[in-house]
Amino acid sequence: MSAATPVLAPNDLESYWMPFTANRAFKKRPRMVQGAKDMHYIRADGTKVLDATAGLWCCNAGHGRQPIVEAIQAQAAELDYAPNFQFAHPKVFALAAKVAAMAPADLDHVFFCGSGSEAVDSALKIALAYWNVTGKGQKTRLIGRERGYHGVGFGGISVGGIVNSRKFFGTLLAGVDHLPTTYNRAEQAYTKGEPDFGAHLADELERIVTLHDASTVAAVIVEPMAGSTGVLPPPKGYLQKLRAICDKHGILLIFDEVISGFGRLGFGFAAERYGVVPDMICFAKGVTSGAVPMGGVIVRKPIFDAFMKGDDHVIELFHGYTYSGHPLAAAAGLATLELYKEEGLFERAKALEGVWADAIFDKIKGLPNVVDIRTLGLVAAVDLTPIEGKVSLRGYQAMEHAFHEEDMMVRYTGDTIALTPPLVISESQIGEIADKLARTINAVA
Ligand SMILES: Cc1ncc(COP(=O)(O)O)c(C=O)c1O
């Protein structure tokens, strides 16, 4: 090519390599939004799109909420950035105290990072380091679960159980094992809330621990409700059993609450809903209602205390991120938690759980290709039969149809449609989501 040859991009969407997206299909018919307010996204032409996914399961307080917007604006003007390595700023301490106060029992120290993936990697690293500093450095094995999603870091995909998130990326972390998924359609189809079947699947942990010996096992990590892999509520009693087995063998239990935290299941954390106290909780998303990236790990007091030994001037944990405790995220987090409290949004999610489940079941069960519906808190999933030989095409078509023809944003994974609206949703908007989804499912039949 000579220097004079003009470089022509096919179109100006070309340069951006979109994450977790069918790039070529998107660029042929983009699904673009330009603004957002409360329960809606807004396209460039002013038309509104009903947000049935709280962005990516994160905008729990709805969009463009004034107190959050103002907190971010004021923070940017006052302090744009401050390092959190050896220095800090006041708001991050205030936020840590508030998050710790929300968590049950002695989960009372908070490590901040920038995303859910970083939260998971941080928790796994804290678990390994904890055993090291307590003289049990041979405890290195990590146990995740089939159909678990823990973000996209190497730690997260290693303990995660989504085939496509793993198979392209080499050998992953060594020394990882997996519990079986808790989902069994034959036994659980069309359950509202936690299914009766499946608590016994926690006993598989005993088998895995027997195989490796407890002296080599550091931690078990699970989502209380598997979210991204298609909304799989925990069977009744399952999480309690996992806790008991971990206690029996001296293994740390980590709850990945990146989705289930901050009101999604009607409580601050799912740990509270199930009365199970894990050793660490990973969080992200809802902590700032998605407005500024932030994640973190809440740890129990004995874990934190185990690191606070030796000379005062020595760094206790060699881990952290440039954006750990970012001032804009801390300001957004404080405003968000205040808004959740003022508007009683967690309680609202709990109060609406039954209305939500009934609306989805009443309008969707029996429609063409529908083979299961699951609901929990303000979450729902609808499984559709795949088009023969084209797994995930029907799911894709439903997402596309919903956006262009029904003005509604939904998520799909495989041929499962997932719904997770902001917690500010009204009862009539619940009905609207169910109606729009029903028409969409008929359209892609
Ligand atoms: C349970 C869980 N863990 C971790 C993550 C990763 O979060 P992020 O995309 O912020 O890295 C997600 C994202 O959906 C998630 O659902």
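1. So, the domain arrangement of the chain
Thought 1: Here the chain is described as being made up of domain 1 (23-64 + 344-443) and domain 2 (68-343).
Thought 2: Distance from the C-alpha centre of domain 1 to the C-alpha centre of domain 2: 26 Å.
Thought 3: With 32 residues of domain 1 at the contact, the number on the domain 2 side is 31 residues.
Thought 4: Put simply, the parts of the chain that give the side of domain 1 that touches domain 2 at least two residues each are α2 (54-57), α14 (345-364), β11 (370-376), β12 (379-384) and β15 (416-419).
Thought 5: Sort the elements by how many residues they give to the side of domain 1 that touches domain 2 and α14 lands first, with seven residues.
Thought 6: Classifying every residue of the side of domain 1 that touches domain 2 by side-chain character gives 17 nonpolar, ten polar and five charged.

2. Side note on the packing of α14 against helix α16 (residues 427-443)
Thought 1: Remark: α14 packs on α16, axes separated minimally by 9 Å, with the N-to-C direction vectors making an angle of 25°. What the angle tells us is that α14 and α16 run roughly parallel. At the point where α14 passes α16, the crossing takes the right-handed sense. Between α14 and α16, the contacting residues are V355, W356, A359, I360, K363 and I364 on the first element and E427, I430, G431, A434, D435, L437, A438 and I441 on the second.
Thought 2: Each residue belonging to the contact of α14 with α16 can be placed in one class, and the counts come to ten nonpolar, one polar and three charged.

3. A few points about the nonpolar core
Thought 1: Formed by 131 residues in total, the largest nonpolar core has its most connected members in V220, I254 and V410.
Thought 2: Residue contributions to this core peak at ten residues, all from helix α13 (residues 327-343).
Thought 3: Each of domain 1 (23-64 + 344-443) and domain 2 (68-343) contributes no fewer than three residues to this core.

Reading the values: rules and limits
Each chain carries its own residue numbering, running from 1 in the direction its sequence is written. The predicted nature of this model means local features are confined to residues of pLDDT at least 70 and side-chain atom pairs, given and counted, to a pLDDT of 80 or more, with totals for whole chains, interfaces and linings taken over all residues. What counts as a domain boundary in this text is fixed by an automatic or database domain assignment. By the convention adopted here, residues make contact when the C-beta atoms placed from their backbones lie within 7 Å. The numbering of helices and of strands both runs from the N terminus, where a helix is a DSSP run of H or I of at least 4 residues and a strand a run of E of at least 2. Charged means Asp, Glu, Lys or Arg here, nonpolar means Ala, Val, Leu, Ile, Met, Phe, Trp, Tyr, Cys or Pro, and polar covers whatever is left, Gly included. The axes are straight lines fitted to the C-alpha atoms, using for helices just the contacting stretch, and the angles between their N-to-C directions are given from 0 to 180°. Small angles under 35 degrees read as roughly parallel and large ones over 145 as roughly antiparallel, with 65 to 115 read as roughly perpendicular and the rest as oblique. Whether a crossing is left-handed or right-handed is set by the direction in which the near helix is turned from the far one by less than a right angle, anticlockwise for left-handed and clockwise for right-handed. A set of buried residues qualifies as a nonpolar core if it consists of Ala, Val, Leu, Ile, Met, Phe, Trp, Tyr and Cys joined through C-beta atoms within 7 Å. Exposed residues have 12 or fewer other C-beta atoms within 10 Å of their own C-beta, buried residues have 20 or more, and partly exposed residues fall in between, where C-beta atoms are placed from the backbone.

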